[in-house]
Amino acid sequence: MSGRKQANFLLSVAIVEELKRSVEKREQSRFVETALKKELKRLKLEKTLQLSLGAWQDKDQGAGKLVRDLRKSARGRRHS
């Protein structure tokens, strides 16, 4: 891990109280950092999936029509 930088942000009272009850004081920063890393990784994966799923959507012609056209083209080349 490279350098460290302090970040200031607001959390709900309930979250802060749960953190204090559940995690030792000297471990809280590392705990929050780990949780943020996991969530950021999940968000990145979700965005990537959304972008890549767009490539698989049927737009002008359905996937079935595309496959049929490719097969016809391949058959025509074999019989020539």
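What counts, and where the lines are drawn
Residues numbered from 1 in each chain as written. Predicted model: local features only at pLDDT ≥ 70, side-chain atom pairs only at ≥ 80, totals over all residues. Heavy atoms only, no water. Patch = residues over 30% accessible without salt bridge, like charges linked within 9 Å, V, L, I, M, F, W, Y side chains within 5 Å. Areas by Shrake-Rupley, 256 points an atom, 1.4 Å probe, with all protein chains shown as cover. Salt bridge = Lys/Arg side-chain N within 4 Å of Asp/Glu carboxyl O. Helix = DSSP H or I, 4+ residues; strand = E, 2+ residues; numbered from the N terminus. Lys, Arg positive; Asp, Glu negative; His and termini not counted. Charge placed at Lys NZ, Arg CZ, Asp CG, Glu CD. Buried < 20%, exposed > 50% of the residue type's maximum accessible area, 1.4 Å probe, protein only. 1 Å grid on protein atoms, 1.4 Å probe; cavity = no way out; pocket = protein on both sides within 12 Å on 5 of 7 lines; lining within 4 Å. Points joined across faces, edges and corners; volume = space filled by probe spheres on them. Nonpolar A, V, L, I, M, F, W, Y, C, P; charged D, E, K, R; others polar.

1. Some words on a nonpolar patch on the surface
Right, on to step 1. On the surface, Phe9, Leu11, Ile15, Leu36, Leu40 and Leu43 cluster together into a nonpolar patch covering about 570 Å² of accessible area.
Right, on to step 2. Here the nonpolar patch gets three residues from one element, more than from any other, and that element is helix H2 (residues 28–53).
Right, on to step 3. Within the secondary structure, Ile15 is located in helix H1 (residues 13–22).

2. Thoughts on a positive patch on the surface
Right, on to step 1. Taken together, the side chains of Arg68, Arg71, Lys72 and Arg75 make up a positively charged region of the molecular surface.
Right, on to step 2. A relative accessible area of 41% means that Arg75 is categorised as partly exposed.

3. Focus on the layout of surface pockets
Right, on to step 1. Space inside the largest pocket adds up to approximately 490 Å³.
Right, on to step 2. Those elements that provide at least two residues to the lining of the largest pocket are H1 and H2.
Right, on to step 3. Broken down by element, the residue count for the lining of the largest pocket peaks at five residues, all from H2.
Right, on to step 4. Residues that form the lining of the largest pocket fall into these classes: eight nonpolar, six polar and four charged.
Right, on to step 5. In this structure, the second largest pocket encloses a volume near 210 Å³.
Right, on to step 6. Lining the second largest pocket are Phe9, Leu11, Ile15, Glu18, Leu19, Ser22, Val23, Phe31, Val32, Ala35 and Leu36.
Right, on to step 7. Of the residues belonging to the lining of the second largest pocket, the class tally is nine nonpolar, one polar and one charged.

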